[in-house]
Amino acid sequence: MLGIKRVAVTQSRRSFSTQLPRITERRPNEAGPGGRASDAGLKVAVFGATGFLGRYLCCELGTNGVLGYIANRGDEFEVRHIKPMFDLGRTRFVYYSPRDVDSMRDVIGDADIVVNMIGKYYESKAPYQAKSFPYVGYKTNYSFEDANVMIPRTLAELCLEMQVDNFIHVSSAAASPDSPSEWARTKYEGEEAVKDVYPWATIVRPTQMFGVEDRLLNNMALMAAYYPIVPLIDGGHQLTQPVYAPDVAKTISRICDDPEKFEGKQVDCFGPSDYTYAELMEFVLDVALIEDARVWNVPKDYAKMSAEVLQYQRDPPLTPDLVELMSEDYLPAMTADGYKKQKGADKIYTMEDLGVESTPIEKVAFNYLHRWRRGGHFTETAGYH
């Protein structure tokens, strides 16, 4: 009886007609019931799978029977958390180097779609032995130019050469040629490089993302818990409209379900509300029950001086370029009403156009911010201590 009910529910779901791509529907060349334990007949090469957004996309793809080609430039322990996201035998892990084009070609193989999510909010550096005092120096390993321009352009060229059907490039809503942030400028240059080489690429532009592993709310809580002061750059009056990372992953997954519809298009991803950084800081302190944090209004120039030192930490909470980025508004290109009023072939899509409802930050942030409470999340429970 349970099996009969399940079939009835599945048939009912698939008979529902809509113009939106529905990854829950069975594809013509799909084997299995759809979803887990199925062959979606789709091969997706994922670059940046081990990153913040990448793990959520892998989960979406694996849940829906996609065969994933996962690019990895570390060791097997860096991708072990991705393996359970796919059914057994539905992944192909390939080691590569962004400076070795042949290795990137091996990752792509016979993929139908290539997704690029490679990015870094700081330039990675490596120490080297110098001949003069202090005898240790730092050299840049991958610059913003490398991560945001060179690698996307190379992937676009490979997709063109290998006749890959679709290329999805994840950029940023902050991408702009006039931004004071080098990261944002190179994000824009990367978009243009991709469009120049592969004009029918799909560009996804999320705002700042939040989620369990984020570096937005978690970094605020980290600095409030362990640093002597918490800087609000120029008072923290700049606006940002954070989007939930799993929502962005679901959006990319639905693009993969009907990639031809979004060829040459831009898809903007953003949350339902905008906030100032000061409001976000107040929210984080309230959830984490940190009452003694010293939150200071710090002019941008002084914040950059502090960031010059903090940038040498592992996964630095603040860098000079991040100060520049946070000194401006981080918002989508237009308002929600503005997106809805668009007409014509140049329409910019949003998550709503793909049937993805944006998640409010208040709905999920407590689930991972409570861990910053000094006594744990039971501190307010009577009789616990």
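Residues numbered from 1 in each chain as written. Predicted model: local features only at pLDDT ≥ 70, side-chain atom pairs only at ≥ 80, totals over all residues. Heavy atoms only, no water.

Enquirer: What should I look at first to understand the overall build of the chain in this one?
Expert: Secondary structure summary: the chain contains 13 helices and 16 strands in total. Taken across its 385 residues, the chain has 49% of its residues classed as buried. Here the contacts in the chain between residues at least 6 apart in sequence split such that 74% fall between residues at least 24 apart. Within the structure as shown, the chain displays about 19200 Å² of accessible surface, and the carbon and sulfur contribution to it stands at 51%. (Helix = DSSP H or I, 4+ residues; strand = E, 2+ residues; numbered from the N terminus. Buried < 20%, exposed > 50% of the residue type's maximum accessible area, 1.4 Å probe, protein only. Contact = heavy atoms within 4.5 Å. Areas by Shrake-Rupley, 256 points an atom, 1.4 Å probe, with all protein chains shown as cover.)

Enquirer: Would you mind going over the pairing of strand β1 (residues 43–47) with me for this structure?
Expert: For a regular strand, side-chain orientation follows a simple rule: the groups alternate between the two sheet faces. By the criterion of burial, β1 is predominantly enclosed, with 4 of the 5 residues buried. Sheet topology places β1 next to strand β2 (residues 67–72); 4 bridges connect them, and they run parallel. What sits directly across from Lys 43, in β2, is Leu 67. For the handedness criterion, the β-α-β arrangement of β1, helix α2 (residues 52–63) and β2 is classed as right-handed. Relative to strand β4 (residues 113–116), β1 is paired through 4 bridges, and the arrangement is parallel. Paired with Val 46 across the strands is Val 115, a residue of β4. (Pairing = 2+ DSSP bridges. Right-handed = clockwise from strand over helix to strand, strands pointing away.)

Enquirer: Mind showing me how you'd approach the nonpolar core here?
Expert: The tendency in soluble globular proteins is for nonpolar side chains to be buried as a group. In this structure, Leu 217 and Leu 369 are the most contacted members of the largest nonpolar core, which totals 43 residues. When contributions to this core are tallied by element, the ones reaching two or more residues are α5 (182–197), α6 (217–226), β10 (230–233), α8 (277–288), α9 (300–310), α10 (320–326), α12 (361–364) and α13 (366–369). With 7 residues, α8 is the single largest residue contributor to this core. Not counting residues up to four positions away in its chain, the partners in contact with Leu 369 are Leu 217, Asn 218, Ala 221, Phe 283, Val 284, Val 287 and Ala 288. The next biggest cluster of nonpolar side chains, apart from the first, holds 37 residues, and it includes Ile 252, Cys 269, Leu 354 and Val 356. (Core = buried A, V, L, I, M, F, W, Y, C linked by side-chain atoms within 4.5 Å.)

Enquirer: Teacher, can you tell me more about unusual backbone geometry here?
Expert: In most cases, non-glycine residues show a negative phi, while peptide bonds are predominantly trans. In this model, Phe 133 is joined to Pro 134 through a cis peptide bond whose omega is 5°. Even without a glycine there, the phi angle at Asp 234 is positive, about 55°. Residue position: Asp 234 is located in the loop between β10 and β11 (239–240).

Enquirer: Would you mind showing me how to read the sheet that holds strand β3 (residues 91–95) here?
Expert: What holds strands together in a sheet is hydrogen bonding between their backbones, with the strands either parallel or antiparallel. The sheet built from 8 strands is open, its strands ordered β3-β2-β1-β4-β7-β8-β13-β16 with parallel pairing. Taken across any chain shown, the strands that pair with only one partner, and hence form the sheet edges, are β3 and β16 (349–350). As defined by bridge partners, strand β8 (residues 202–206) adjoins strand β13 (residues 266–269) across 4 bridges and the pair is classed as parallel. Across the sheet, the residue bridging to Ile 203 is Gln 266, located in β13.

Enquirer: What am I meant to see in α6 here?
Expert: Residues spaced three or four apart along an α-helix face the same direction, because each turn holds 3.6 residues. The buried fraction of α6 is high, at 7 of 10 residues. All of the buried residues in α6 are Leu 217, Asn 218, Asn 219, Met 220, Ala 221, Met 223 and Ala 224. Where α6 is buried, its residues touch β9 (209–210), β10, α8, α9, α12 and α13.

Enquirer: Explanation requested: the pattern of salt bridges in the structure shown.
Expert: When the charged atoms of two side chains with opposite charge come close together, those side chains can pair. Under the definition given, this model contains 13 salt bridges. The partner of Glu 161 in a salt bridge is Arg 105, and the shortest N-O contact between them spans 3.0 Å. With Glu 161 in helix α4 (residues 144–161) and Arg 105 in helix α3 (residues 101–108), this residue pair connects regions lying 56 residues apart in the sequence. A residue is classified by how much of its surface remains accessible, and Glu 161, at 48% relative accessible area, is partly exposed. As a salt-bridge pair, Lys 304 and Glu 324 come within 2.9 Å of each other at their nearest N and O atoms. On the criterion of sequence distance, the pair formed by Lys 304 in helix α9 and Glu 324 in helix α10 is long-range, its members being 20 residues apart. Owing to a relative accessible area of 25%, Lys 304 belongs among the partly exposed residues under this scheme. One salt-bridge network, held together by shared partners, links Asp 102, Arg 105 and Glu 161. (Salt bridge = Lys/Arg side-chain N within 4 Å of Asp/Glu carboxyl O.)

Enquirer: Would you explain the confidence of the model for the chain in this entry?
Expert: Low-pLDDT portions of the prediction should not be read for the details of their coordinates. Here the chain averages 88 in pLDDT, while 89% of its residues score no lower than 70. Here residues 1–24 scores under 50 on pLDDT; set against residues more than four positions off or in separate chains, the count is 23 contacts. (pLDDT = per-residue confidence, 0-100.)

Enquirer: Honestly, the environment of Asp 268 in this entry has me stumped. Any pointers?
Expert: As for its placement among the helices and strands, Asp 268 is situated in strand β13. Filtering out sequence-adjacent residues up to four positions away, Asp 268 remains in contact with Arg 205, Ala 333, Tyr 339, Ile 348, Tyr 349, Thr 350 and Met 351. Of note is the side chain of Asp 268, whose polar atom sits 2.5 Å from the side chain of Tyr 339. (Polar contact = N/O pair within 3.5 Å; in protein donor to acceptor, adjacent residues only side chain to side chain.)

Enquirer: Honestly, the environment of Gln 313 in this entry has me stumped. Any pointers?
Expert: Position of Gln 313 among the secondary structure elements: in the loop between α9 and α10. Since its relative accessible area comes to 34%, Gln 313 is described here as partly exposed. One polar contact links Gln 313 to Tyr 227, side chain to side chain, over a distance of 2.9 Å.

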